[in-house]
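# Examining the three-dimensional arrangement
What follows is the residue order along each chain.
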Amino acid sequence: MAPAGGFAVIGAGSDFKGKITVSVLITCIVAASSGLIFGYDIGISGGVTTMVPFLQKFFPSIRRKAAEAKTNMYCVYDSQVLTSFTSSLYMAGLAASLVASRLTTTLGRKNTMVLGGCTFLVGAAINGGAANIAMLILGRILLGFGVGFTNQATPVYLSEVAPPRWRGAFNTGFQFFIGIGVVAANCINYGTAKHSWGWRLSLGLAVVPAAIMTIGALLISDTPSSLVERGKLAQAKKSLAKVRGKDIDVEPELADLIKSREIAKAANQEPFVTIFERQYRPHLVMAFAIPFFQQVTGINIIAFYAPVLFQSVGFGSDSALIAAIILGVVNLGSILVSTFVVDRYGRRFLFLLGGIQMFVCQVAVACVLEATTGVSGSKHISKSYAILVLVLMCTYAAGFGWSWGPLSWLIPSEIFPMKIRPTGQSISVAVNFATTFVLSQTFLTMLCHFKFGTFLFYAGWIAVMTIFVAFFLPETKGIPLDSMYTVWEQHWYWCRFVQRQPSQNFYDGK
Ligand code: BGC
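What this report covers is the structure whose coordinates are included nearby. Quick caveat, the model's predicted, so the values are computed rather than measured.

## Focus: the overall build of the protein
Summing up its helical and strand segments, the protein has 23 helices and zero strands in all. Within the span of the protein, comprising 510 residues, buried residues form 62% of the whole. Just so you have it, the protein exposes about 18100 Å², and 70% of that area is on carbon and sulfur atoms.

## Digging into the site of the ligand
Near the ligand, the surroundings consist of Phe 38, Ile 42, Gln 175, Ile 178, Gln 294, Gln 295, Asn 300, Phe 400, Gly 405, Trp 409 and Asn 432. In this structure, Gln 294 approaches the ligand through a side-chain N or O atom, which is 2.8 Å from an oxygen atom. The separation between an oxygen atom of the ligand and a polar side-chain atom of Asn 432 is 3.4 Å. Contact with the protein chains covers 98% of the free accessible surface of the ligand, which is 310 Å². Of all the secondary structure elements, the ones that give two or more residues to the shell around the ligand are helix 2 (35-48), helix 8 (167-192), helix 15 (281-295) and helix 20 (404-414). Grouping the constituent residues of the shell around the ligand by class yields five nonpolar, six polar and no charged.

## What to know about the side chain of Asp 482
Assignment of secondary structure puts Asp 482 in the loop between helix 22 (453-472) and helix 23 (485-489). Buried and unpaired, Asp 482 has Arg 421 as its nearest opposite-charge partner, separated by 4.8 Å. Polar contacts involving the side chain of Asp 482 include one to the side chain of Ser 260, which spans 3.1 Å.

## Observations concerning helix 7 (residues 133-161)
Here helix 7 contains 29 residues, and its C-alpha end-to-end distance of 41 Å stays within 8% of the 42 Å for a straight helix at 1.5 Å per residue. Burial analysis of helix 7 places 22 of its 29 residues in the buried class, which makes it a mostly covered element.

## Quick word on the nonpolar core
Core analysis: the biggest nonpolar cluster contains 67 residues, and Met 286, Phe 351, Met 393 and Trp 404 have the highest contact counts within it. For this core, the leading source of residues is helix 19 (residues 383-401), giving ten residues. With 53 residues, the next largest nonpolar core counts Met 51, Ala 153, Ile 178 and Met 213 among its residues.

## Description of the packing of helix 2 against helix 10 (residues 207-219)
The geometry of a pair of packed helices is captured by two quantities: the angle between their axes and the separation between those axes. Look at helix 2 against helix 10: their axes get within 8 Å of each other, and the N-to-C directions meet at 170 degrees. Classed by the angle they form, the pair helix 2 and helix 10 counts as roughly antiparallel. Crossing of helix 2 against helix 10: the hand is left-handed. Contact residues: helix 2 offers Leu 36, Ile 37 and Tyr 40, while helix 10 offers Pro 209, Ala 210, Ile 212 and Met 213. Here the contact of helix 2 with helix 10 is composed, by residue class, of seven nonpolar, no polar and no charged.

## What to know about helix 12 (residues 233-244)
Taking 1.5 Å of rise per residue, twelve residues should cover 16 Å, and helix 12 covers 16 Å from first to last C-alpha, within 8% of that figure. Three or more residues of helix 12 are buried, namely Ala 236, Ser 239, Leu 240, Val 243 and Arg 244. Down the axis of helix 12, the buried set is contained in an arc of 115 degrees. They therefore lie on one face. For helix 12, the exposed residues set more than 90 degrees away from the buried face come down to Ala 234 and Lys 238. Looking one or two places after helix 12, you find Gly 245, whose phi comes out positive at around 105 degrees.

## Side note on a nonpolar patch on the surface
Together, Ile 20, Val 22, Leu 25, Ile 26 and Ile 29 make up an exposed nonpolar region whose accessible area comes to about 460 Å². Here Ile 20 is to be found in the segment before helix 1 (22-32). On the accessibility criterion, Ile 20 (42% relative accessible area) is partly exposed.

Parameters and conventions
- Residues numbered from 1 in each chain as written.
- Predicted model: local features only at pLDDT ≥ 70, side-chain atom pairs only at ≥ 80, totals over all residues.
- Heavy atoms only, no water.
- Helix = DSSP H or I, 4+ residues; strand = E, 2+ residues; numbered from the N terminus.
- Buried < 20%, exposed > 50% of the residue type's maximum accessible area, 1.4 Å probe, protein only.
- Areas by Shrake-Rupley, 256 points an atom, 1.4 Å probe, with all protein chains shown as cover.
- Near = heavy atom within 4 Å.
- Polar contact = N/O pair within 3.5 Å; in protein donor to acceptor, adjacent residues only side chain to side chain.
- Nonpolar A, V, L, I, M, F, W, Y, C, P; charged D, E, K, R; others polar.
- Lys, Arg positive; Asp, Glu negative; His and termini not counted.
- Salt bridge = Lys/Arg side-chain N within 4 Å of Asp/Glu carboxyl O.
- Expected span 1.5 Å × (residues − 1).
- Core = buried A, V, L, I, M, F, W, Y, C linked by side-chain atoms within 4.5 Å.
- Axes fitted to C-alpha atoms, helices over the stretch in contact; angles between N-to-C directions.
- Parallel < 35°, antiparallel > 145°, perpendicular 65-115°, else oblique.
- Left-handed = near helix turned anticlockwise from the far one by under 90°.
- Contact = heavy atoms within 4.5 Å.
- Arc of directions from axis to C-beta.
- Patch = residues over 30% accessible without salt bridge, like charges linked within 9 Å, V, L, I, M, F, W, Y side chains within 5 Å.

Dropping the structure here:
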């Protein structure tokens, strides 16, 4: 059955595909709230690193440099030590996300989320009370472990629980909560920036989103797939009945899950080995390419350093934070657009639209900065041009919000067969963190040396990824996870890698 425009013939009893029950809605909202902690951290670290008392206490040399303000505007914050504060989280997250593959398989998706929330909570408390750099870094490492676990487990959770027809919409919830975390953190930074202990409050308050998501995760049941995978068939049936609704016959879906588990068990191979088999090459390429591309859109450069960026293009420190808040709100609105569109027009449409939009904005930002601040970056940008930069960045953030933001979590969580799904997601999160680490470690130096050219660098990558999607990413909207192999079989390029599967289940109408 051709999957291109929708999904295969619906077999008897499989009408769960289109049904959104209150239970599945609540479960997925609660699960998606795991995104809060990641978003909160992204928002907080950008703001805290511009707070004077924070810099004075932990990074006095940067503070001195900023105070002298004789440096070229692109270079004020160019410090490896400062960026290592931000990016230490990503190294820890990288390690944790790889371990998380085992955990989500053996402990389940839900328990991995709980574990992530608790670890993050401890890290937040240590950061809030930090007396020296060592405590600061230790705290961040724990935060990193936390988001490593939750970012791995949550998207998989959402994709496994959501009705296939609305999987995209449900999955965007994760990015939506990341966005809420970012905006909340920006608002908190705005409020605390004026106080000498403000940074402590900003960092310490991370316990709040951690507590919210941990309690939430404790209240939901694990995904039917994960329960089946761990041999808990009775619980799996209960969990399925709960999310699909009372009047739905869940037996066929359960039978499919059991079948998938049997296939996985029969192979009995280390998933990190299996995933390198030729037949999974397309999946693997996506697990690497999608998160890598997401990061080279340059989003974190904007997210982490929006306040820094706005300050250095001439906004005062208050308006810098306001600018970051505006950017965050625009991003949030655009994620909602994605929620409503992703299962109707598909993933590819949003990727292509967002890609073109982001490309144009990055090129325009580069041109405006070149024209106004000069090649050396020593001329001051006028208020009206600074606002133009803000408008361009908002348009860019909207483009990201309806494309690479949510879809980079969605695609890796939906393309893999059950037996290597956690592994694929782990690789994807690890690549995401590794790329974020390298970029955040190098961005400020790059900005200092390449100046406005930095934005052209990202524009170039956006062009590459948009072309990549056009040619290599098959449309996955509406296809049940267990039938996902069909998209590769029918793809002009990837078909040569995958083995044609005998019909695996009756959802294909066979
Ligand atoms: C990305 C983060 C980014 C965030 C921005 C996420 O999807 O993975 O790196 O900071 O979106 O909202």
